[in-house]
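# Observations on the model geometry
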Amino acid sequence: MLYKMIFKLYLMPMLVLILGVTISLFLSVFIPHQLSQSQIFTSIVNGAIKLAPLVLYSSLFISAIWSLIQTYQLWQWKKGNTEVCFNCGGLVTQKDGRYGAYSHCLACGKNRSN
């Protein structure tokens, strides 16, 4: 139960980091390699090379901040300062759905209307 909840907590920050690294590699390796023979695209190649570190560092920063927020939520749950699931006692997130606000458990996946 705990591992599933931790996986769900840190999935999105890890996806942001993986996406940032992938885009950075695309900008710094693939685009210069494919377009370097043409004189027309030299400005695009230079811009892509300059943009790649910015994309990498911004995705790293966003992922780190998001992970810190998730770690704080997990810490508050372990201390008992947050709402818990009515079914299993896991960490819940507050969502707004079609029929109003509800709580979604990250451990068992149950929903409960507020």
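This report concerns the structure included in the present document. These numbers were taken from a predicted model, which means no experiment stands behind them.

### Let's talk about the overall build of the chain
Along its length, the chain carries two helices and three strands. Moving toward the C terminus, one meets the helices and strands of the chain in the order α-α-β-β-β. A globule of 114 residues ought to have a C-alpha radius of gyration of about 13 Å, yet the chain, at 21 Å, is considerably larger. Sorting the 114 residues of the chain into buried and exposed places 25% on the buried side. Long-range pairs, those at least 24 residues apart, make up 44% of the contacts in the chain between residues at least 6 apart in sequence.

### A few points about the sheet that holds strand β1 (residues 92-97)
Think of a sheet as strands paired side by side through backbone hydrogen bonds, with each pair either parallel or antiparallel. Taken in spatial order, the three strands of this open sheet run β1-β2-β3, and their pairing is antiparallel. Lying at the two open borders of the sheet, with one neighbouring strand each, are β1 and β3 (111-113). On average, each strand axis in the sheet is inclined to that of its neighbour by 30 degrees, with strand direction left out of account.

Thresholds, definitions, all that
Residues numbered from 1 in each chain as written. Predicted model: local features only at pLDDT ≥ 70, side-chain atom pairs only at ≥ 80, totals over all residues. Heavy atoms only, no water. Helix = DSSP H or I, 4+ residues; strand = E, 2+ residues; numbered from the N terminus. Rg over C-alpha atoms; globule rule 2.2 N^0.38 Å. Buried < 20%, exposed > 50% of the residue type's maximum accessible area, 1.4 Å probe, protein only. Contact = heavy atoms within 4.5 Å. Pairing = 2+ DSSP bridges. Axes fitted to C-alpha atoms, helices over the stretch in contact; angles between N-to-C directions.

Read these as spatial facts, not as claims about activity.
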